[in-house]
Amino acid sequence: MANGQWYPADWPERIRALAEGDLVPVVPRRAATVMLLKDTAAGTVVHMLRRRASMAFAGGAYAYPGGGVDPRDDEHQIHWAGPTRAWWAARLGVDETAAQAIVCAAVRETYEEAGVLLAGPTPESVVGDTTGAEWEADRAALVARELSFAGFLERRGLVLRSDLLGVWTRWITPEFESRRYDTWFFVAALPEGQRTRNASTEADRTVWIRPEDAAEGYDKGELLMMPPTIATLRQIAGYGTAADVVAAAPGRDLTPVLAQARLEDGQIVLSWPEYDEFTKHIPTGGASV
C-alpha cells in the first residue's frame, strides 16, 4: 500500500454481502476517544498508542486512548463541572443521559489507557500525580469493570472537569463492519502535573508526536492508521498551541462521517464523504485495493 491506511482483508466480501442484502448491519456502540495534547519547544504534540499486532481489530495501527461507553456511565450521582449536561446533549446531538455517558467515557478511557485524569477535588482544580499503588488499584478496577466511574469519583471526592474537553468530530464505523462504533473524538490539553504512561493492555507502544510528523509517517506507509485517526491528525496540525486546538472545538461540525459503498464499472467503490483520500476501488471478484 502507498500509505498507512488500515484495510481489513474481509471488507470486500462483507461489502458485497451488504449490497446483496445478505448482511444485516450491526448496531453501532457509542464510544469516545481523546486526543491528548501538550506544548513543547518543537510545537504541539499529541499522545498516540499503537495497538498490539495480535488485536483482532486494527492490530498494529496507531490510535488515541478511547473505548466504548460503560452502561453505568449514565449514573446521575457523578459530580460535574463545566458546561451543563443539557449543553453537552445539544452539542453531541443526544439526550442528557447519553451525553453524560459519552463525556464520562472520554474521561474514564483516558485514565484507563493513559493514566491521565480530567477531574479534580473542586470545579476549578485538577488532580496532580496519579501514579502510585492506590491509584493503580482503582484504575485496574475500572478496567475490569469492578468499579463504576461514578463510584471511583465518589470514593476519591473528585469532580469531573467537562470544561477541559472539546468535542472535535464524530465518525461511525461502516455498516459492513462486524464491530461498529459511533465515536465522538474529543481534544484536551494534558493537565499540569500529570504525565501519560502506557496503561493499556491493548497497546505495545505510546508516543508523543507532532501531528505533522505522524501524518508524514502515514503518508510514507510507516505508520498504520484508520481513516478517522489520520483525518483528525491533519485537522489539528498547524495550530499554535494545545489551547488553540481546544478553543477551536466548539466551532467544529459534528455531522457524523459514515463510509459509503457502491458498485461502479465492475468495482466496489468505498468512500468517506468529504474525505477523498480514503476512497478505495475494490474489484468485485477479489480483495485487492
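All of these numbers come straight from a predicted model, not from anything done at the bench.

A. Looking closely at the side chain of Glu109. Assignment of secondary structure puts Glu109 in helix H3 (residues 96-114). We classify Glu109 as buried; its relative accessible area is 5%. Of note is the side chain of Glu109, whose polar atom sits 3.0 Å from the side chain of Arg108. The residues contacting Glu109, other than those within four sequence positions of it, are Pro65, Gly66, Gly67, Gly68, Ala114 and Arg145.

B. A look at the nonpolar core. Ranked by size, the top nonpolar core spans 43 residues in total, and within it Leu92, Leu117, Leu165 and Phe186 carry the most contacts. Looking at this core, the elements that each hand over two or more residues are strand S1 (29-40), helix H2 (85-92), H3, helix H4 (133-143), helix H5 (149-156) and strand S9 (181-189). In terms of residue count, H3 provides more of this core than any other element does, eleven residues in total. Phe186 has contacts with Ala32, Thr33, Val34, Met35, Trp88, Leu92, Ile102, Ala106, Leu165, Gly166, Val167 and Trp168, leaving out every residue within four places of it along the chain. Formed by 37 residues, the second largest nonpolar core is a distinct cluster that contains Trp11, Phe185, Val187 and Tyr218.

C. Molecular detail of the environment of Met226. Tracing the backbone through its elements, the reader meets Met226 in the loop between helix H6 (211-219) and helix H7 (227-236). Along the sequence, Met226 and Arg52 sit 174 residues apart, while their C-alpha atoms lie 14 Å from each other.

D. Representation of the pattern of salt bridges in the model. Summed over the entire model, instances satisfying the criterion amount to 19 salt bridges. For the salt bridge of Arg72 with Asp70, the shortest nitrogen-to-oxygen distance reads 3.1 Å. For Asp70, a relative accessible area of 6% corresponds to the buried category. Residues joined by salt bridges that share partners form a network here, namely Asp70, Arg72, Asp73, Arg108, Glu109, Glu112 and Arg145.

E. Region of interest: the pairing of strand S8 (residues 166-172). Burial runs high along S8: seven of the seven residues are buried. Pairing between S8 and S9: six bridges, direction antiparallel. Bridge pairing links Val167 to Phe186 in S9. Examined bridge by bridge, S8 and strand S11 (residues 257-258) share two bridges and lie parallel to one another. Note on S11: the bridge partner recorded for Ile172 is Leu258.

F. Structural detail: the sheet that holds strand S13 (residues 267-272). A sheet is described by the order of its strands in space; here three strands give the open sequence S12-S13-S14, paired in antiparallel fashion. At either margin of the open sheet sits one strand with a lone partner, and together these are strand S12 (260-264) and strand S14 (275-283). Taking each pair of neighbouring strands and ignoring which way they run, the sheet shows an average axis angle of 25°. Judged from the five bridges that link them, S12 and S13 form a sheet pairing that is antiparallel. The residue bridging Ala261 from the neighbouring strand is Leu270, located in S13. Against the sheet, H7 touches S13 and S14, its axis set at about 155° to S14.

G. Here's a closer look at the packing of aromatic side chains. Inspection of every chain in the model, using the stated rule, returns eleven aromatic pairs. Arranged with centres 6.0 Å apart and planes meeting at 50°, the rings of Trp88 and Phe186 form a pair that is tilted. With Trp88 in helix H2 and Phe186 in strand S9, this pair connects stretches of sequence that are 98 residues apart. For the pair Trp88 and Phe186, a shared accessibility class is recorded, and that class is buried. Aromatic pair Trp272 and Phe278: ring centres 6.1 Å apart, planes at 80°, arrangement edge-to-face. Neither Trp272 nor Phe278 differs from the other in exposure class; each is buried. In textbook terms, an aromatic cluster arises when at least three aromatic residues are bridged by ring pairs, as seen for Tyr111, Trp135, Phe149 and Phe152. The positively charged end of Arg156 is found above the aromatic ring belonging to Trp135, 3.8 Å away from the centroid.

What counts, and at which threshold
- Residues numbered from 1 in each chain as written.
- Predicted model: local features only at pLDDT ≥ 70, side-chain atom pairs only at ≥ 80, totals over all residues.
- Heavy atoms only, no water.
- Helix = DSSP H or I, 4+ residues; strand = E, 2+ residues; numbered from the N terminus.
- Buried < 20%, exposed > 50% of the residue type's maximum accessible area, 1.4 Å probe, protein only.
- Polar contact = N/O pair within 3.5 Å; in protein donor to acceptor, adjacent residues only side chain to side chain.
- Contact = heavy atoms within 4.5 Å.
- Core = buried A, V, L, I, M, F, W, Y, C linked by side-chain atoms within 4.5 Å.
- Salt bridge = Lys/Arg side-chain N within 4 Å of Asp/Glu carboxyl O.
- Pairing = 2+ DSSP bridges.
- Axes fitted to C-alpha atoms, helices over the stretch in contact; angles between N-to-C directions.
- Phe/Tyr/Trp six-rings, centres within 6.5 Å; stacked < 30°, edge-to-face > 60°.
- Lys NZ or Arg CZ within 6 Å of the ring centre and 35° of its normal.

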